[in-house]
Amino acid sequence: MWRFLLPLGMAAALGVLLFAGLGIDPKLIPSPLIDKPAPVFDLPELNQPEARVSNGTLAGAPYVLNVWASWCPSCRDEHPVIEDLARSGKVRVVGLNWKDEPVDAKRWLAQFGNPYTDIAVDQSGRTGIDFGVYGAPETFLVDAKGVVRFKHVGTITHEVIAREIEPRLAQMQGAAP
Amino acid sequence: MKRALLLIGLLLLSCIASAIDPLAFKDDVERVRFQKLVAELRCTVCQNQNLADSNAELAKDLRLKVFELMQEGRSDAQIKEFLVARYGDFVLYNPPVKPQTWVLWFGPGLVVLIGASFVVASIRRRARALPADAAGIEDQP
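What you see is a predicted model; the values in this text were computed from it and never measured.

(A) Expanded view of the environment of Gly107(B). Residues and elements named next belong to chain B. With respect to the secondary-structure elements, Gly107 resides in helix H5 (residues 102-129). Among the residues examined, Gly107 registers 11 C-beta atoms within 10 Å and is labelled exposed. As for Gly107 and Glu40, which are separated by 67 residues in sequence, their C-alpha atoms are 22 Å apart.

Have a look at this one:
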């Protein structure tokens, strides 16, 4: 009896393991930046080239850093979600215009609308490398002290905002006196 | 024939040279060091390629970054540390042994051990099932 059941059981166990593996997206790389201070950056602002966007200018309140580019189709998909988040007034939404041409970026914003309070221009992609960005869009939640609390890779959805970002924001507001 | 071989040889060479950008190395030692280093780093965009082979935009940027860090006089270990701090152990094709990677490092060995124990058990069982005199014949000088 065992000679029959044992291999069957093992095959079934392997099947369960492999099937569970199918549900894991290998493209998602966990970020080592979570709960660490956000990388130092100091970049020009897209619409006011003389102004800068840096850790210093953003400190004091939590913000969502949305990595986007005009060449990125998924950024267009998530754009309404980012707009809703910005409009909700729950958190500042800052753009990191990654490896893009400022002219294209401005045209894109004129066409779809600009949800961002500030847009840092990272044309060379160096700040992107510091943030461990490996594809747009990516979205970071940074707290008032400048510590990265959450990262989402790929198109963000209302569900991700409700499940991951809003509870963390509430926690931050609870922690702040 | 000779010409065909030469062609094949050259085609093989072209794979080696594939995605390396024109970077200004000061000597061959530096170039070899760079190529060895980028071959050990994984491209995060096309995950089954290393940084040396990948033509992805990001891989190009990361190769440039590795080159710049080399120019700044950083050691290989420091350059890997730089990338791991940003992208995690995932960028290393040779990840360090630590609790999170135990399954990766020891899992296959464990599976082989389990399989081997079954094979051994099965062989022993069969050997025992054979008639005693039949097994004894072979042992005779």
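(B) View of the confidence of the model for chain B. Residues and elements named next belong to chain B. With 84% of its residues at a pLDDT of 70 or more, chain B has an overall mean of 82. When pLDDT is averaged over each element of chain B, helix H4 (residues 76-87) comes out on top at 93 and helix H6 (residues 132-139) at the bottom at 54. Across the predicted assembly, pTM comes out at 0.77 and ipTM at 0.80.

(C) Spotlight on the sheet that holds strand E6 (residues 138-142) of chain A. All names here are of chain A. Taken in spatial order, the 5 strands line up as E5-E4-E3-E6-E7 in an open sheet, and their pairing is mixed. The open sheet has two edge strands, strand E5 (118-122) and strand E7 (148-153), and neither has a second partner. Strand-to-strand, the axes of this sheet are offset by a mean angle of 20°, without reference to chain direction. Two strands pair when backbone bridges link them, and E6 and E7 are joined in this way by 5 bridges, in the antiparallel orientation. Looking across to E7, one finds that Leu141 is bridged to Phe150.

(D) How the structure looks around unusual backbone geometry. Residue and element names in this part refer to chain A. The omega angle of the peptide bond from Ala136 to Pro137 is -5°, so this bond is cis rather than trans. Mapped onto the elements, Pro137 comes out in the loop between helix H5 (126-130) and E6. Not every positive phi belongs to a glycine, and Asp35 is a case in point at roughly 65°. The topology assignment puts Asp35 in the loop between helix H1 (2-22) and strand E1 (42-44). Judged by the 10 C-beta atoms lying within 10 Å of it, Asp35 falls in the exposed class. Notably, Lys99 is not glycine yet its phi reads approximately 50°, a positive angle. Within the secondary structure layout, Lys99 lies in the loop between strand E4 (92-98) and helix H4 (102-112). Note on Lys99: 19 C-beta atoms within 10 Å, which makes it partly exposed.

So, how was this worked out
- Residues numbered from 1 in each chain as written.
- Chains lettered and ligands numbered in written order.
- Predicted model: local features only at pLDDT ≥ 70, side-chain atom pairs only at ≥ 80, totals over all residues.
- Helix = DSSP H or I, 4+ residues; strand = E, 2+ residues; numbered from the N terminus.
- Buried ≥ 20, exposed ≤ 12 C-beta atoms within 10 Å, placed from the backbone.
- pLDDT = per-residue confidence, 0-100.
- Pairing = 2+ DSSP bridges.
- Axes fitted to C-alpha atoms, helices over the stretch in contact; angles between N-to-C directions.

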